[in-house]
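# Examination of the molecular architecture
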Amino acid sequence: TYVVTDNCIRCKYTDCVEVCPVDCFYEGENFLAINPDECIDCGVCEPECPAEAIKPDTEPGLDKWLTLNAEYAAIWPNITIKRDPMPEAKEMDGVSGKLDLYFS
Ligand code: SF4
Ligand code: F3S
């Protein structure tokens with residue numbers, strides 16, 4: 001599966017949702033999550049994210065993100081249509097440690 005990681009938080013560009021062939025993105029207030037049970041590993045969303053926040057879970061160190069994606073995809077609503085990024089997206093792009101600072 002692919003997972004959404006730290007740099008999506010408070011950016012939420014949403015370019016990813018429109019390209020997913022199985023519509024497996026779910027939207028929270030500050031972050032998007034991929035449902036790992038629905039993702040077919042096609043990889044088309046990865047290059048679409050301007051924040052480079054989407055990664056294959058085969059990359060090392062992403063266990064925490066896989067858990068978070070699964071947990072939140074189960075409770076958040078599905079999103080398939082692109083919206084405006086968060087107003088602070090540009091300033092927040094690249095800020096480190098967003099999970100601890102801003103996740104809600
Ligand atoms: Fe959707 Fe493919 Fe991205 Fe998985 S890898 S979330 S199926 S676009
Ligand atoms: Fe987030 Fe990137 Fe999608 S910032 S909403 S994963 S395009």
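Before any of the text, the structure's been laid out above.
Now for a description of the structure that goes with this document. Bear in mind the structure is a predicted one, so any value in this text is a computation, not a measurement.

Counting across every chain of the model gives three aromatic pairs. Centre to centre, the rings of F31 and W76 are 6.4 Å apart; their planes meet at 75°, and the pair counts as edge-to-face. One end of the pair, F31, is in the loop between β2 (25–27) and β3 (32–34); the other, W76, is in the loop between α2 (63–73) and α3 (89–92), and 45 residues separate them in sequence. Per residue, the accessibility class of F31 equals that of W76, and both read buried. A network of ring pairs unites the aromatic residues F31, W65, Y72 and W76 as a single cluster.

Further remarks concern the site of ligand 1. Neighbouring ligand 1 are 13 residues, the closest being C20, C39, C42, G43 and C45. For the shell around ligand 1, the residue count by class is twelve nonpolar, one polar and no charged.

The full count for this structure, using the stated rule, is four salt bridges. The residue R10 makes a salt bridge to E88 at a minimum N-O spacing of 2.5 Å. Taken as a pair, R10 in the loop between β1 (2–4) and α1 (15–19) and E88 in the loop between α2 and α3 lie far apart in primary sequence, 78 residues in all. The class for E88 is buried, based on a relative accessible area of 17%. Its salt-bridge partner being E27, residue K12 comes within 3.0 Å of it at the nearest N-O pair. In this pair, K12 is assigned in the loop between β1 and α1 and E27 in strand β2, connecting sequence segments 15 residues apart.

Classification of K12 by relative accessible area gives buried; the value is 9%. A polar contact is formed between the side chain of K12 and the side chain of E27, at a distance of 3.0 Å. Side-chain polar atoms of K12 contact the backbone oxygen of E29, separated by 3.0 Å. Filtering out sequence-adjacent residues up to four positions away, K12 remains in contact with E27, G28, E29, N30, F31, L32, D84, P85 and M86.

Counting 34 residues, the largest nonpolar core has F25, F31, I34, I54 and W65 as the members making the most contacts within it. Looking at this core, the elements that each hand over two or more residues are β1, α1, β2, β3, α2 and α3. With four residues, the single largest contributor to this core is α2. Setting aside chain neighbours within four positions, we find I34 in contact with T1, Y2, V3, V4, C24, F25, C39, I54, N69, A70 and A73.

Rules used in this analysis
Residue positions are given per chain, counting from 1 as you read along its sequence in written order. As they are written, the chains are lettered A onward and the ligands numbered 1 onward, keeping that order. Given that the model is predicted, a residue must reach a pLDDT of at least 70 before its local features are reported, and side-chain atom pairs must reach 80 or more before they are shown or counted; all residues, however, enter totals for whole chains, interfaces and linings. Excluded from the side-chain calculations are hydrogens and water; all other atoms, namely the structure's heavy atoms, are used. Only the six-membered ring of Trp is used, alongside the rings of Phe and Tyr, when aromatic pairs are assigned; centres must lie within 6.5 Å, and planes under 30 degrees apart are stacked while those over 60 apart are edge-to-face, with the rest tilted. Segments assigned H or I by DSSP are reported as helices when at least four residues long, segments assigned E as strands when at least two residues long, and all are numbered from the N terminus. Buried residues are those whose accessible area, probed at 1.4 Å on protein chains only, stays under 20% of the maximum for their type, while exposed residues exceed 50% and partly exposed ones sit between those limits. Nearness here has a simple test: a residue counts as near a molecule or strand if at least one of its heavy atoms is within 4 Å of that partner. Residue polarity is assigned by list, with Asp, Glu, Lys and Arg as charged and Ala, Val, Leu, Ile, Met, Phe, Trp, Tyr, Cys and Pro as nonpolar; anything else, Gly included, falls into the polar class. The term salt bridge refers to a side-chain nitrogen of Lys or Arg lying within 4 Å of a carboxyl oxygen of Asp or Glu. Pairs of N or O atoms are called polar contacts if they sit within 3.5 Å, as long as, within protein, a hydrogen donor faces a hydrogen acceptor (for residues adjacent in sequence, only side-chain-to-side-chain pairs). Here, residues are in contact when the closest pair of their heavy atoms is within 4.5 Å. Definition used in this section: a nonpolar core is a set of buried Ala, Val, Leu, Ile, Met, Phe, Trp, Tyr and Cys residues joined via side-chain atoms within 4.5 Å.

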